[in-house]
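Structural characterization, general
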Amino acid sequence: MARFGTRAIHGVKLPAPSERPLSAPIWQTSTFAFDDAERFAHALAQPREGYVYSRYENPTTAALEGLMADLEGGVEATATASGMGAIASVLLGLASAGDHLLLQRDLYGGTFSLATVVASRLGVDTSFVDATDPIAVKEALRPSTRAIYVETIANPTMTVADLPAVGEVAREAGVPLVVDNTVASPYLCRPIEHGASVVVHSATKYLGGHSDVVGGVAVFADKGLHHRAWKTMLDIGASADPFAAWLLLRGIKTLPLRMERHTANAAAVAGTLADHPKVERVYWPGLTGHPTHEVAKRVLDGYGGMVSFDLRGGRAAGRRFIEATRVAKLAASLGGLETLVAHPASTTHRQLDAGALAAAGIGEGMVRMSVGLEDAADLLEDLTAALEVA
Ligand SMILES: *Cc1c(COP(=O)(O)O)cnc(C)c1O
């Protein structure tokens, strides 16, 4: 019999119950043990045929990937450490030095930085286009274009991309369409149905839904694209942690209920704002006056929980507003239970003057709200009181 120290290390007898756990267990292990070198070598290259090391694949993570592939209508998925991990794994997997990426102009800041700083340092060319204009997308394609990249609902203007039209341009050109579906979530839109080849998410937002985990996921309509992104993901080390994957699995179970309530609360908030004398303009795709309302009706199954608005009082009013709300908290991120407010001109974009802000499509008095799941009456009271102060 082995001695005490050895037994303390190797003595755990893992139960292998024949009953299946109702909730997915957390496989909190960095590595897996094999009896046979052949199987070990095979599993290293085939993530779906065995587990070797959790940077490559892990059973809890695989459960999340299977669920997300199903919900998005894809054939495969890769979970990652963050939304940026998913976006980097996909785009750096598709483009090499000399290749070109065509991206939507109103882009999430991290994606813009990945494209203009990291990808460009690797010799990848990038250019930007208006994703609501399929003709402009078509004209901006180059022979070296390796992906078209758009966001279903782009922040802070809540512009909805014409996915069927852009999907058709991508299909004709034989270039994969990559869609960031973070703000819509698969409950409101499944871009693969409209011609996307890859869907990426910051799972930190609506998928997790509880502001307690950072994670990402990429879903693929094609196994070859998945394998490429998976290989890039493990080479750059963007792998998901099993505990984070478990939190996401738990969050996704209530995604439909949460999205219904986010949307209902956002409708109440957008309606109240639209009637308020201190508000110049409201950006919510559910409003008939929103520039992409007609596209939203075709592409979305609901208008989502993100609302922006321009305060007539400009920069000073925006700043007073975000400091005056009591229910809504001043914080980065979106998609959680809690209502969050942001004022780009006095926080994330404070270095920009009025001209530079306008070029980025952001007004000096623009406030962005991630409408949470609180009682609508409390949110509306909070909003109205903060508008008095602004
Ligand atoms: C937050 C966000 C990201 C980045 O996700 P992380 O999980 O923070 O890495 C990407 N796209 C959109 C639209 C986002 O809101």
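Residues numbered from 1 in each chain as written. Predicted model: local features only at pLDDT ≥ 70, side-chain atom pairs only at ≥ 80, totals over all residues. Heavy atoms only, no water.

Observations concerning the nonpolar core
Quick note on the threshold: Among buried residues, those of type Ala, Val, Leu, Ile, Met, Phe, Trp, Tyr and Cys that are joined through side-chain atoms within 4.5 Å constitute a nonpolar core. We call a residue buried when its accessible area falls under 20% of the maximum for its residue type, exposed when it is over 50%, and partly exposed in between, using a 1.4 Å probe and counting protein chains only. Helical segments are the DSSP runs of H or I of at least four residues, strand segments are the runs of E of at least two, and each set is numbered from the N terminus. Whether two residues touch is decided by their heavy atoms; if any such pair falls within 4.5 Å, the residues are in contact.
By size, the foremost hydrophobic cluster in this structure holds 57 residues, and its most contacted members are L64, I148, V150, L177 and L300. For this core, the element with the most residues is helix 10 (residues 242-252), which contributes 7 residues. Contacts of L300, omitting those with residues within four sequence positions, involve T152, I153, V160, A184, L188 and C189. In terms of nonpolar packing, the next biggest core, distinct from the first, is built from 24 residues, A270, I322, A328 and A390 among them.

A closer look at the pattern of salt bridges
Test applied: The term salt bridge refers to a pairing of a side-chain nitrogen on Lys or Arg with a carboxyl oxygen on Asp or Glu at a separation within 4 Å.
One pass over the full model with this rule turns up 15 salt bridges. Residue E65 pairs with R48 through a salt bridge whose shortest N-O separation is 2.8 Å. Of the two residues, E65 is situated in helix 3 (residues 59-72) and R48 in the loop between helix 2 (37-45) and helix 3; the sequence distance between them amounts to 17 residues. Judged by relative accessible area, which is 36%, R48 ranks as partly exposed.

What to know about the site of the ligand
The condition is simple: Proximity is defined per residue: any heavy atom of the residue falling within 4 Å of a molecule or strand makes that residue near it. The term polar contact refers here to a pair of N or O atoms within 3.5 Å; inside protein, the definition further demands a hydrogen-donor-capable atom paired with an acceptor-capable atom, and it admits residues adjacent in sequence only when both atoms are side-chain atoms. Using a 1.4 Å probe, accessible areas were evaluated by the Shrake-Rupley method; residue-level cover was limited to the displayed protein chains. The residue classification treats Ala, Val, Leu, Ile, Met, Phe, Trp, Tyr, Cys and Pro as nonpolar and Asp, Glu, Lys and Arg as charged. All others, Gly included, are polar.
Close contacts around the ligand come from S82, G83, M84, I87, Y108, D180, T182, S202, T204, K205, G215 and L334, and that covers them all. In the environment of the ligand, a nitrogen atom lies 2.7 Å from a nitrogen or oxygen atom belonging to the side chain of D180. With respect to the ligand, the side chain of T204 contributes an N or O atom lying 2.7 Å from an oxygen atom. Relative to its unbound accessible area of 380 Å², the ligand is 91% covered by the protein chains. Here the shell around the ligand gets 3 residues from one element, more than from any other, and that element is helix 4 (residues 83-94). Of the residues in the shell around the ligand, the class split is 4 nonpolar, 6 polar and 2 charged.

What to know about the side chain of T339
Among the structural elements, T339 can be located in the loop between strand 12 (329-330) and strand 13 (340-342). Looking at T339, its side chain comes within polar contact range of the main-chain nitrogen of G372, at 2.7 Å. At a separation of 2.6 Å, a polar atom in the side chain of T339 contacts the side chain of E374. In this structure T339 touches V327, A328, K329, M369, S370, V371, G372, E374 and L379, once residues within four positions along its chain are discounted.

Side note on the packing of helix 11 (residues 255-274) against helix 15 (residues 376-389)
Heads up, the condition is: Orientation is described by axes fitted as lines to C-alpha atoms, over the contacting stretch for helices, and by angles from 0 to 180 degrees between their N-to-C directions. Note on terminology: angles under 35 degrees are roughly parallel, angles over 145 are roughly antiparallel, angles of 65 to 115 are roughly perpendicular, and the others are oblique. Helix crossings are classified by the rotation of the near helix relative to the far one: an anticlockwise turn of less than a right angle makes the crossing left-handed, while a clockwise turn makes it right-handed.
For the pair helix 11 and helix 15, the least separation of the axes is 10 Å and the interaxial angle reads 30 degrees. Between helix 11 and helix 15, the angle falls in the class roughly parallel. For the pair helix 11 and helix 15, the sense of crossing is right-handed. Where helix 11 approaches helix 15, its residues N265, A268, V269, T272 and L273 are matched on the opposing element by A376, L379, L380, L383, T384 and L387. Residue composition of the contact of helix 11 with helix 15, by class: 8 nonpolar, 3 polar and no charged.

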